[in-house]
Amino acid sequence: MPRPLSATIHTAALANNLAVARKFAPKSRIWAVVKANAYGHGLARAFPGLRATDGFGLLDLEEAAKLRELGWAGPILLLEGFFRPTDIDVIDRYSLTTAVHCDEQLRMLEMARLSKPVNIQLKMNSGMNRLGYTPEKFRVAWERARAVQGVGQITLMTHFPDADGPCGIAHQLEAFERGTEGIAGACSLSNSAAVLWHPDAHFDWVRPGIILYGASPSGKTADIADIGLKSAMTLASEIIAVQTVETGQSIGYGSTYVAAKPTKIGVVACGYADGYPRVASEGTPVIVEGVRTQLVGRVSMDMLTVDLTPCPGAGIGSRIELWGANLAIDEVASSCGTIGYELMCAIAQRVPVCAE
Ligand SMILES: *Cc1c(COP(=O)(O)O)cnc(C)c1O
């Protein structure tokens, strides 16, 4: 028997969340973002739930090839573009759309021998300052791209740094409009946050990622309450041992938790080697047999410990939900000083994953 720890991917939740994204951006086509192995859910496992999308966005050529093997014949977008001339052969073979964010990539396209034109998304740096041409240099890049024989359709693309925050997108939108003035072409701007909160930036294509997995772009559960998103991953385990500690006794490495009263503790098969963050602070929520309780003591490599005071009937074999359908991953993430994105992407190889 494997350890009683597993992640379950909820196919119906993925399909539901894609429909929610469509409801928010009804006039746009959707690039369902499945980079990083579908945010840790597994590309092959996520695919059936997301196949009603218009296209998939990802980074790795291998993942793109895998999508083709899974039977996806529609558009696939390489969000970071490509890195070497040989990558262009793969782009050609699998009919991929690629972001183009710098002159080095344009040069490689100019030199490439393609069997058919490649569609590109020319990326503007509208303020994120990672990838893309500044608004001032965008037109020249677009003209150069347009002159490349192997280039087909050119979509205009940018990415927002603050669509989920108080800074918003007005500044980037203004830069985008300035840099693309007079240039015809479909536009692709919005990540999940902009899909939910900035309808003025939806345009022709939107690129939601995190909301497809049921988590919040801002990391705050309150921000996505009542919009109908469902958690696409449940991480669950069981209690494998129970300890009753006396007042003054401690639990786990570093003896960080000292019991203030006699306390029943459940030892859970899940640790940082499974992807559960070691930095999870005392008080991080956990669900035991449907009852909410909390982490106590330090997370170790293979185990963590929970306070069983609110659920005195729990014992060895009791079901633990670490995050999922009944406990938002964002809540757990916030106790760890991070966001749901990082937790879902960090699920370790050794955790068995199944889809339902
Ligand atoms: C990851 C990514 C997205 C999706 O972002 P979410 O916040 O998960 O919606 C969209 N566009 C680009 C270019 C990305 O890299």
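Values in this document were obtained by computation on a predicted structure and should not be read as measured data. (Residues numbered from 1 in each chain as written. Predicted model: local features only at pLDDT ≥ 70, side-chain atom pairs only at ≥ 80, totals over all residues. Heavy atoms only, no water.)

Student: Mind showing me how you'd approach the overall build of the protein chain here?
Tutor: When you go through the protein chain residue by residue, the secondary structure sums to 11 helices and 18 strands. Across its three principal axes, the protein chain shows a C-alpha extent of roughly 75 × 40 × 35 Å. Split into buried and exposed, the 356 residues of the protein chain put 53% on the buried side. Counting only contacts in the protein chain whose residues sit at least 6 apart along the sequence, the fraction spanning at least 24 positions is 64%. In the protein chain, 32 positive and 35 negative side-chain charges are present, and the distance between their average locations comes to 3 Å. (Helix = DSSP H or I, 4+ residues; strand = E, 2+ residues; numbered from the N terminus. Buried < 20%, exposed > 50% of the residue type's maximum accessible area, 1.4 Å probe, protein only. Contact = heavy atoms within 4.5 Å. Lys, Arg positive; Asp, Glu negative; His and termini not counted. Charge placed at Lys NZ, Arg CZ, Asp CG, Glu CD.)

Student: Just to check I follow, could you spell out the domain arrangement of the protein chain for this structure?
Tutor: How big an interface is tends to be expressed through the accessible area that disappears when the partners come together. Taken as a whole, the protein chain is organised into domain 1 (11-215) and domain 2 (233-355). Here the C-alpha centroids of domain 1 and domain 2 sit 37 Å apart. With nine residues of domain 1 at the contact, the number on the domain 2 side is nine residues. Between domain 1 and domain 2, roughly 840 Å² of surface is buried when both sides are summed, and carbon and sulfur atoms account for 72% of that area. By the criterion of area lost to domain 2, the three top residues of domain 1 are Tyr39, Arg45 and Ile210, representing 49% of everything that side buries. (Domains from an automatic or database assignment. Buried area = accessible area lost by both parts, 1.4 Å probe.)

Student: Can you walk me through the environment of leucine 196 in this structure?
Tutor: With respect to the element layout, leucine 196 can be found in helix α9 (residues 192-197). With a relative accessible area of 8%, leucine 196 lands in the buried category. Sequence spacing of leucine 196 and threonine 11 is 185 residues, and the spatial spacing of their C-alpha atoms is 22 Å. Those residues in contact with leucine 196, other than ones at most four positions away along the chain, are Phe24, Ile211, Pro217, Ile224 and Ile227.

Student: What is the right way to look at the site of the ligand in this model?
Tutor: With respect to spatial proximity, 13 residues lie near the ligand, and among them Lys35, Tyr39, Ser192, Ile210 and Tyr341 are the closest. For the ligand, an oxygen atom lies 2.8 Å from a polar atom in the backbone of glycine 209. Tyrosine 341 places a side-chain nitrogen or oxygen 2.6 Å from an oxygen atom of the ligand. Calculation on the ligand without its partners gives an accessible area of 390 Å², and the protein chains cover 92% of this total. Judged by the fraction of its atoms near the pocket grid, the ligand is located in the largest pocket. Tallied by class, the residues present in the shell around the ligand amount to seven nonpolar, four polar and two charged. (Near = heavy atom within 4 Å. Polar contact = N/O pair within 3.5 Å; in protein donor to acceptor, adjacent residues only side chain to side chain. Areas by Shrake-Rupley, 256 points an atom, 1.4 Å probe, with all protein chains shown as cover. 1 Å grid on protein atoms, 1.4 Å probe; cavity = no way out; pocket = protein on both sides within 12 Å on 5 of 7 lines; lining within 4 Å. Sits in = over half its atoms within 2 Å of the grid points. Nonpolar A, V, L, I, M, F, W, Y, C, P; charged D, E, K, R; others polar.)

Student: Quick question: what am I supposed to make of the pairing of strand β2 (residues 29-33) here?
Tutor: When a strand is regular, its side chains alternate between the sheet's two faces. Most of β2 is tucked away: four of the five residues are buried. Pairing analysis gives two bridges linking β2 to strand β9 (residues 205-206), with the strands arranged parallel. Bridge pairing in β9 links arginine 29 to tryptophan 205. One ladder, built from three bridges, connects β2 with strand β3 (residues 55-58); its direction is parallel. By the bridge assignment for β3, alanine 32 is matched with phenylalanine 56. (Pairing = 2+ DSSP bridges.)

Student: Would you mind going over the state of the cysteines with me for this structure?
Tutor: By definition, a disulfide links the sulfur atoms of two cysteines through a covalent bond. A complete count under the given rule lists zero disulfides for this structure. In this model cysteine 270 remains outside any disulfide bridge; the closest cysteine sulfur is found in cysteine 336, 11 Å from its own. Given the relative accessible area of 0%, cysteine 270 is considered buried. (Disulfide = S-S within 2.5 Å.)

Student: Any chance you could explain the packing of aromatic side chains here in plain terms?
Tutor: Where two aromatic rings form a pair, the distance of their centres and the angle of their planes describe that pair. Scanning the entire structure with this criterion turns up seven aromatic pairs. Judged by centre distance (6.3 Å) and plane angle (80 degrees), the rings of phenylalanine 47 and tryptophan 72 are edge-to-face. Of this pair, phenylalanine 47 sits in helix α3 (residues 43-50) while tryptophan 72 sits in the loop between α4 (61-69) and β4 (76-78), and the two are 25 residues apart along the sequence. Under the relative-accessibility criterion, phenylalanine 47 is labelled buried at 4%. Residue classification places tryptophan 72 among the buried residues on the basis of a relative accessible area of 10%. Here the aromatic residues Tyr39, Tyr213 and Tyr341 are joined through ring pairs into a cluster of three or more. (Phe/Tyr/Trp six-rings, centres within 6.5 Å; stacked < 30°, edge-to-face > 60°.)

Student: Looking at this structure, how should I read the pairing of strand β15 (residues 291-294)?
Tutor: By the bridge criterion, four bridges tie strand β14 (residues 285-288) to β15 in an arrangement that is antiparallel. Each bridged residue has a counterpart across the sheet, and for proline 285 the counterpart in β15 is glutamine 294. Hairpin remark: β14 followed by β15, antiparallel, with two residues in the connecting loop; positive phi at glutamate 289, about 45 degrees.

Student: What is the right way to read the sheet that holds β4 from this model?
Tutor: By way of backbone hydrogen bonds, the strands of a sheet pair with one another, either parallel or antiparallel. Within the closed barrel, the eight strands sit side by side as β2-β3-β4-β5-β6-β7-β8-β9. Their pairing is parallel. When β4 meets strand β5 (residues 97-100), the two strands line up parallel, connected through two bridges. What sits directly across from leucine 77, in β5, is threonine 97.

Student: Help me understand helix α6 (residues 103-111), please; the structure alone is not making it clear to me.
Tutor: The α-helix advances 3.6 residues per turn, and as a result positions three or four apart in sequence lie on the same side. The set of residues buried in α6 consists of Gln105, Leu106, Met108 and Leu109. Buried residues in α6, looked at end-on, bunch into an arc of 160 degrees, giving them a common side. (Arc of directions from axis to C-beta.)

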